[in-house]
Amino acid sequence: MSRRRLHDVSPWPSLQLEGQLLTAAAVQKAVAQNAGQQRAIDYGLPKNVQLRNEIDIRFRLGQSRYMAIANAGDEIGLADTKRFVAELLREVLGFDDLEHGSGKLAFVAGGGRVPIVVAPPSDTLDRKSAVLSNERNTSANTALQDYLNDEDAALWGLACNGQHLRLMRDNESLTRPAYVEVDLQHIFEHDDVASFAAMWLLMHRSRFGKHDAPVTECALERWREQGNKDGEEIRDELAKQVIVALKALGSGFLADNKQLRTDLKERRVSLINYFNELLRLVYRLIFLMVAEDRNLLHHPHPHKSPQAARKLYAEGYSLRQLRELSRYRDAWDQYPDRYEALMIVFDGLLEGRVELGLPALGGLFSPNRSSILAGLKLSNAALLEAVFNLGFFRKESALNWVNWAQMETEELGSVYESLLELQPQQGPSGKTLQFANEASEQKGNQRKTTGSYYTPDSLVQALLDTALDPVLQKIEDEALDDAQAAKQMLALTVIDPACGSGHFLLAAARRMASRVARLRSDGTPGREDYRHALREVARGCLYGVDRNPMAVELAQVALWIETIDPGYPLGFFEAQIRCGDS
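The shown structure was predicted, so the numbers you read here are calculated from the model rather than taken from an experiment. (Residues numbered from 1 in each chain as written. Predicted model: local features only at pLDDT ≥ 70, side-chain atom pairs only at ≥ 80, totals over all residues. Heavy atoms only, no water.)

K.L.:
Lay out the overall build of the protein chain in plain terms, naming residues and giving numbers.
P.N.:
Helix and strand counts for the protein chain stand at 21 helices and 14 strands. Over its C-alpha atoms the protein chain spans a radius of gyration of 25 Å, differing by no more than 12% from the 25 Å that the globule rule assigns to 582 residues. Across its three principal axes, the protein chain shows a C-alpha extent of roughly 80 × 60 × 50 Å. Taking all 582 residues of the protein chain together, 55% fall into the buried category. Counted over contacts in the protein chain with a minimum sequence separation of 6, partners at least 24 positions apart contribute 70%. Split by element, the accessible area of the protein chain, about 25900 Å² in all, is 49% carbon and sulfur. One finds the centroid of the 68 positive side-chain charges in the protein chain at a distance of 4 Å from the centroid of its 79 negative side-chain charges. (Helix = DSSP H or I, 4+ residues; strand = E, 2+ residues; numbered from the N terminus. Rg over C-alpha atoms; globule rule 2.2 N^0.38 Å. Buried < 20%, exposed > 50% of the residue type's maximum accessible area, 1.4 Å probe, protein only. Contact = heavy atoms within 4.5 Å. Areas by Shrake-Rupley, 256 points an atom, 1.4 Å probe, with all protein chains shown as cover. Lys, Arg positive; Asp, Glu negative; His and termini not counted. Charge placed at Lys NZ, Arg CZ, Asp CG, Glu CD.)

Right, dumping it as structure tokens:
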């Protein structure tokens, strides 16, 4: 089996969360054995057994099984892979009821409630697999997803090619990849016991429920539902913390820059324009956190983004490093060096900076978006307070990272809604930024003056079901071939005359991109296929108008976040998402 290097520095280097199948918070709770149904007896073990001891035993057993097949060489066929997967499931993950499957299913467990698809190591899970393709091209991922979508008796399932094990769920409305995947190769060749423990706790047979129970009665489903509920609480808390971050930045600039205070007092600078530039700074920070957490900031090829440059960026300039530093209050001093380093990053993302491996993105980092803040000083205390509130949240007295990699971009809409209520004010001393919080003081807020309200996701999806899906299906049915269908879909125009923060446009783009990616990849799209298709759809098909300039800017930011492609500049959405009255 081929080797590959990983640069993930998460707590579980071999674990990948794609989409929102399980939230990072849900995984964290499961790994900490705080998710519920995690006693030894719940895993089918004697009640006096320590789960950590059991995990260590199963890790060594799994490692021996893996190394036996890995040492066989690169030409490992389907039969050998099936044998390894059966051993892994039975001996390591507790699948005592594993049976041979039929059709595209190599195995089933629980009388059919857990379908398992297997492909050889030569076939990645997202690419066409010769052993699974007959009348149409099929990947292991597609074969399992289709089965889960079609069969009411199965809700969760597994796909494996001997190197990667993927957990998936029924989702007929899926418009982009969603799964939990573990890199078995990295786990067993690098003694990554932490990732193995996460895999064992998440994918043990007991997590899928008893074979005679309804498919929804299982630990995985309960964890998923609780994770979604916790996510709503986190979003509400994050909206409050964005406001705290804005106050920290706004007050920090006012305290450190006398001329700014004078310009605001004498109305040479508008307070609302100052506030909007603070928002842009927060948008930039969020964008960088998302890009870093998703590993999308640097170009994937080493010659365009050398490892030495990435290391310099990570250790001296990254938002991840700032987030970590923000936890230590002794770093909250009055020096301006952290903000000065951040400005170097912003300048690098405008035009490119070779020594940091930064690409020229433009767009969000254009200098005309921050003319008021240009050249101002900001203390480390103010910057780190803002970064702390954007990067962490507290739950049950525990400090947790905000997992921006898994944060749905539409969720910025809930943040946007809370910002509409704000009416910025300069404090009595002139050195602080405050927000009106009395109803009588909010008569001039931007929600009231522009009629801006957030559209729930359920309404957006229902509208797309009736307005967009029939059009896409008609194109697909009438096109001469897949290439023509993809081309015609990319020629469509989607317009939202009151786009707000871009919720509808993003959802439409995802649906279109999922179809385009499938048509272009013979029915077996991978993450990169989807990302490239989404970039094309967003740049060529989406148009929006809104009266609120803050909403317009956030819609552009949401599209930039969603469509960032390593090594490519950001799309020019200023021409497509405009401020005006439709």
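There's plenty left to go through after this.
K.L.:
Outline the packing of aromatic side chains, listing residues and values.
P.N.:
All chains considered together, the criterion is met by 14 aromatic pairs. On the numbers, 5.8 Å between centres and 35 degrees between planes, the contact of Phe59 with Phe188 is tilted. Here the residue Phe59 occupies a position in helix 2 (residues 51–70), and Phe188 occupies one in helix 5 (residues 184–189), the gap between them amounting to 129 residues. Across this residue pair, the class does not change: Phe59 and Phe188 are buried. An aromatic cluster is present here, built from Phe59, Tyr66, Phe84, Phe188 and Phe196 joined pairwise through their rings. Directly above the aromatic system of Tyr43 lies the positively charged group of Arg207, at a separation of 3.8 Å from the ring centroid. One cation-aromatic arrangement involves Arg329 over Trp332; the distance from NZ or CZ to the ring centre is 4.1 Å. (Phe/Tyr/Trp six-rings, centres within 6.5 Å; stacked < 30°, edge-to-face > 60°. Lys NZ or Arg CZ within 6 Å of the ring centre and 35° of its normal.)

K.L.:
Kindly report on the sheet that holds strand 13 (residues 542–546), identifying the contributing residues and their values.
P.N.:
Spatially, the three strands line up as an open sheet ordered 12-13-14, and their pairing is parallel. Where the open sheet ends on each side, the last strands, each with one partner, are strand 12 (494–496) and strand 14 (577–579). Between one strand axis and the next, the sheet turns by 15 degrees as a mean value, whatever way the strands run. Sheet topology note: the strand 12/strand 13 ladder contains three bridges and is parallel. Residue Asp496 lies in a different strand from strand 13, and its bridge partner there is Gly544. (Pairing = 2+ DSSP bridges. Axes fitted to C-alpha atoms, helices over the stretch in contact; angles between N-to-C directions.)

K.L.:
Please set out helix 8 (residues 258–265) residue by residue, giving values where relevant.
P.N.:
By the burial criterion, the buried members of helix 8 are Leu260, Arg261, Asp263 and Leu264. Each buried residue of helix 8 lies within a common arc of 165 degrees when the element is viewed along its axis, so the set occupies one face. Exposed residues lying more than 90 degrees from the buried face of helix 8 are Lys258 and Lys265. Buried residues along helix 8 sit in contact with helix 7 (219–256), helix 9 (271–293) and strand 10 (424–426). (Arc of directions from axis to C-beta.)

K.L.:
How would you explain the confidence of the model for the protein chain if you had to name every residue and give the values?
P.N.:
Summary statistics for the protein chain give a mean pLDDT of 87 and a share of 92% for residues scoring 70 or more. Contacts of residues 1–9 to residues separated by more than four positions or lying in other chains number 25 contacts, the stretch itself having pLDDT below 50. Below a pLDDT of 50 lies the segment residues 447–452, which in the model reaches 17 contacts outside its immediate sequence neighbourhood of four places, other chains included. (pLDDT = per-residue confidence, 0-100.)

K.L.:
Describe the packing of helix 9 against helix 11 (residues 319–326), naming the residues involved and giving the relevant values.
P.N.:
Between helix 9 and helix 11, whose axes approach to 9 Å, the crossing angle comes to 105 degrees. The pairing of helix 9 with helix 11 is recorded here as roughly perpendicular in orientation. Of the residues in helix 11, those touching helix 9 at Leu285, Leu288, Met289, Glu292 and Asp293 are Leu319, Arg320 and Arg323. Its residues assigned to classes, the contact of helix 9 with helix 11 shows four nonpolar, no polar and four charged. (Parallel < 35°, antiparallel > 145°, perpendicular 65-115°, else oblique. Nonpolar A, V, L, I, M, F, W, Y, C, P; charged D, E, K, R; others polar.)

K.L.:
Go over the pairing of strand 4 (residues 114–118) with me, naming the residues and quoting the values.
P.N.:
With five of its five residues buried, strand 4 lies for the most part within the structure. Here strand 4 shows a buried face lined by Val114, Ile116 and Val118 and a second buried face lined by Pro115 and Val117. Inspection of the sheet shows strand 3 (residues 107–109) paired to strand 4 by three bridges, in the antiparallel sense. If you follow Val108 over to strand 4, its bridge partner there is Pro115. Here strand 3 folds back onto strand 4 in antiparallel fashion, the turn holding four residues, of which Gly110 has a positive phi close to 65 degrees. Two elements, strand 4 and strand 5 (residues 156–160), share three bridges in a ladder whose sense is parallel. Each residue of the ladder has a partner; that of Val117, found in strand 5, is Ala159.

K.L.:
Report on the sheet that holds strand 7 (residues 179–183), specifying residues and quantitative values.
P.N.:
Read across the open sheet, the seven strands follow the order 1-7-6-5-4-3-2; overall the sheet is mixed. The outermost strands of the open sheet, each flanked by one partner alone, are strand 1 (15–18) and strand 2 (99–100). Where strand 2 lies against strand 3, two bridges are found, and the strand directions are antiparallel. Along strand 3, the bridge assignment pairs His100 with Phe107.

K.L.:
Give me the lowdown on helix 11, citing residues and values where you can.
P.N.:
What helix 11 keeps buried is the set Leu319, Leu322, Arg323, Leu325 and Ser326. On an axial view of helix 11, the arc spanned by its buried residues comes to 165 degrees, and they lie on one face. Buried residues along helix 11 sit against helix 9, helix 10 (307–316), helix 12 (337–351), helix 13 (380–391), strand 8 (392–395) and strand 9 (398–401).

K.L.:
Please provide a residue-by-residue account of the environment of Leu296, values included.
P.N.:
You can see Leu296 is positioned in the loop between helix 9 and helix 10. Linking Leu296 and Ile561, residues 265 residues apart in sequence, is a C-alpha distance of 9.9 Å. Look past the residues within four positions of Leu296 in its chain and what remains in contact with it is Ala291, Arg531, Ile564 and Pro566.

K.L.:
Go over the nonpolar core with me, naming the residues and quoting the values.
P.N.:
By size, the foremost hydrophobic cluster in this structure holds 112 residues, and its most contacted members are Leu246, Phe253, Tyr274, Phe287, Leu288 and Leu419. Among the elements that take part in this core, helix 9 stands out by supplying 14 residues, more than any other. Sequence-distant contacts of Tyr274, defined by excluding residues within four places in its chain, comprise Leu249, Gly250, Phe253, Leu254, Leu260, Leu264, Val269, Ile372 and Leu373. Judged by nonpolar contacts, the second largest core, of 59 residues, contains Val85, Leu88, Leu89 and Phe95. (Core = buried A, V, L, I, M, F, W, Y, C linked by side-chain atoms within 4.5 Å.)

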